[in-house]
Amino acid sequence: MNALPERSLGHRVRGGARPRGLRGHWRWSLMLTVILPTALATVYFGLIATPRYVSEAEIVIEAEDSAATANILSSMLSSIGGIGGSGVAIGQAHLIAEYIRSAAILEQLQRDIDLAAMYSAPHVDFLSRLPANATREEFLEYYQSAVEVELDTATRILKVRAEAFSPDEAKLIVQAILVLSEEMLNRMLLRKQEDIIAFARREVELAETRLKKARTALAEFRRENTDIDPTRSAEAQGGLIADLASQLAQARAELTSSLAFLKPESTQIRALAARIAALEKQITEEQARLVAGTAGTINARLSQYEALLFEHEFAQTAYTSALSFLESSRITSQKQRSYVIDFVEPNLPEEAIRPDRPKAVATVFLVSFFLWAIGSLLAGAIRENARA
């Protein structure tokens, strides 16, 4: 009769051991996933992590741009900074922001101030230090994590921050970045100016060639036709025809008056009639020389001359405009500059503000606890499903 109670008692004991096992498992998992990482983070950030100093500067881009230069840029280069006024400065500020994050400035910084030596110094802790054998990509990633750029498009203010392991190095990095950014901006502007001047010179060369061809064609026409100015020749021919017409009218009037008292067979009447016929023939010939459709007529030469003269005048005007464009391009290229004005100069930090030790430890704790809680819930759900 006692066997049944013993089995029931054994069943209760074995069943009661499971909650204690689960509680032990939770304690170990809590220690491994939450308490241990938090303790390690506390030790690292509190005792080991090398303090980092942050230097900051605020700059604004000022573009010295004349109206003539703006017209040239808008008509030729709708590219970099191809907008006027404050839009140029905004575009240039975006370019500087991208340049500061680029590998190009990193290489220049390495040559100028040996940035890698600053970030891989022996006194820096092993987690914060740049590896001595870091690749270019790793170096760029490390640099981008240490340098921050923030652009306010409303005020056109660009903020640059740089971390380093000493105050002087942090300030030096920001100063070098500003100098290199201004140099890059003016190099880019110089290339644009050189392109404009090169374009203006090509236009002058084309206009000069066209003017030479027009002058040669005009001189060749005058030599072949032995006529310096067909316009004046046409005017002279027209004057001759008008004079002949006047003589013809006078002769006809004289003939009409003579017939009133002389016979048609008289010598004077025949002479007047012959003169009238000669004048009519000469007028016809002179009119044919002036307006006939053959190539040798004054009218044909005048049409050809006017076309050549128009081409010469147009080429002369184009050449004058090209010279003026070249000269204005040279003048405006000398005036056009962009300046990086650091109205808040790079500061020399007195206190290391990074890493934010309490925040870093709290972040590790919260992330660890969150992962532990999710893992515990999933493990509990799996056990419940297995029992079912």
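About the cut-offs
- Residues numbered from 1 in each chain as written.
- Predicted model: local features only at pLDDT ≥ 70, side-chain atom pairs only at ≥ 80, totals over all residues.
- Heavy atoms only, no water.
- Helix = DSSP H or I, 4+ residues; strand = E, 2+ residues; numbered from the N terminus.
- Buried < 20%, exposed > 50% of the residue type's maximum accessible area, 1.4 Å probe, protein only.
- Contact = heavy atoms within 4.5 Å.
- Salt bridge = Lys/Arg side-chain N within 4 Å of Asp/Glu carboxyl O.
- pLDDT = per-residue confidence, 0-100.
- Phe/Tyr/Trp six-rings, centres within 6.5 Å; stacked < 30°, edge-to-face > 60°.
- Patch = residues over 30% accessible without salt bridge, like charges linked within 9 Å, V, L, I, M, F, W, Y side chains within 5 Å.
- Areas by Shrake-Rupley, 256 points an atom, 1.4 Å probe, with all protein chains shown as cover.
- Polar contact = N/O pair within 3.5 Å; in protein donor to acceptor, adjacent residues only side chain to side chain.
- Axes fitted to C-alpha atoms, helices over the stretch in contact; angles between N-to-C directions.
- Parallel < 35°, antiparallel > 145°, perpendicular 65-115°, else oblique.
- Nonpolar A, V, L, I, M, F, W, Y, C, P; charged D, E, K, R; others polar.
- Left-handed = near helix turned anticlockwise from the far one by under 90°.

Remarks on the overall build of the chain
And step 1. For the chain, the helix and strand inventory stands at eleven helices and four strands.
And step 2. Here the chain holds 388 residues, and the buried ones make up 32% of them.
And step 3. Summarising the internal contacts of the chain: among those between residues at least 6 apart in sequence, 82% fall at separations of at least 24.

Some details on the pattern of salt bridges
And step 1. Under the criterion given, the structure shown has twelve salt bridges.
And step 2. Salt-bridge contacts for E311 lead to R210; the nearest nitrogen and oxygen are separated by 2.8 Å. With E311 in helix α10 (residues 298-335) and R210 in helix α7 (residues 167-225), this pair connects stretches of sequence that are 101 residues apart.
And step 3. One salt-bridge network, held together by shared partners, links R52, E56, E148, E150, R161, E163 and R354.

Focus on the confidence of the model for the chain
And step 1. When pLDDT is averaged along the chain, the result is 81; 78% of the residues meet or exceed 70.
And step 2. In this model residues 1-18 is a low-confidence stretch, pLDDT under 50, and it forms zero contacts with partners more than four residues away in sequence or in other chains.
And step 3. Taken together, the stretch residues 66-85 has pLDDT below 50 and engages in 27 contacts with residues farther than four places along the chain or on a different chain.

With respect to the packing of aromatic side chains
And step 1. Overall, the coordinates contain seven aromatic pairs when judged by the stated rule.
And step 2. Summarising the aromatic geometry, the rings of Y44 and F45 are spaced 5.0 Å apart at their centres and angled 75° between planes, so their arrangement reads as edge-to-face.
And step 3. Overall, F45 belongs to the buried group, its relative accessible area being 17%.
And step 4. Three or more aromatic residues joined by ring pairs form one cluster here, namely Y119, Y142 and F165.

Overview of a nonpolar patch on the surface
And step 1. On the surface, W28, M31, L32, I35, L36 and L40 cluster together to form a nonpolar patch covering roughly 640 Å² of accessible area.
And step 2. Inspection of the secondary structure assignment puts I35 in helix α1 (residues 3-48).

Here we look at the side chain of S102
And step 1. Tracing the sequence through the fold places S102 in the loop between α3 (86-100) and α4 (103-113).
And step 2. Polar contacts involving the side chain of S102 include one to the main-chain carbonyl oxygen of Y99, which spans 2.6 Å.
And step 3. Polar contacts involving the side chain of S102 include one to the main-chain amide nitrogen of A104, which spans 3.4 Å.
And step 4. Setting aside residues up to four positions removed in sequence, S102 forms contacts with L140 and Y143.

A word on the packing of α4 against helix α6 (residues 136-146)
And step 1. The interhelical angle for the contact between α4 and α6, taken along N-to-C directions, is 95°, at an axis separation of 10 Å. Between α4 and α6, the crossing angle belongs to the class labelled roughly perpendicular. Contacts from A103, I105, L106, L109 and Q110 in α4 reach F139, L140 and Y143 in α6.
And step 2. Classifying every residue of the contact of α4 with α6 by side-chain character gives seven nonpolar, one polar and no charged.

A few points about the environment of V174
And step 1. If you trace the backbone, V174 turns up in helix α7.
And step 2. Exposure remark for V174: the relative accessible area of 0% places this residue in the buried category.
And step 3. Note: C-alpha distance between V174 and V54 (120 residues apart in sequence) is 9.6 Å.
And step 4. What V174 contacts, discounting residues up to four positions off in sequence, is S55, A57, V160, A162 and P346.

Quick word on the packing of α4 against α7
And step 1. It is the contact of α4 with α7, at a shortest axis distance of 11 Å, that shows an interaxial angle of 120°. In terms of axis orientation, α4 runs oblique to α7. With respect to the hand of their crossing, α4 and α7 are arranged in right-handed fashion. Within the contact between the two elements, α4 uses I105, Q108, L109, D112 and I113 and α7 uses L172, I173, A176, I177, L180 and S181.
And step 2. Split into classes, the residues belonging to the contact of α4 with α7 amount to eight nonpolar, two polar and one charged.

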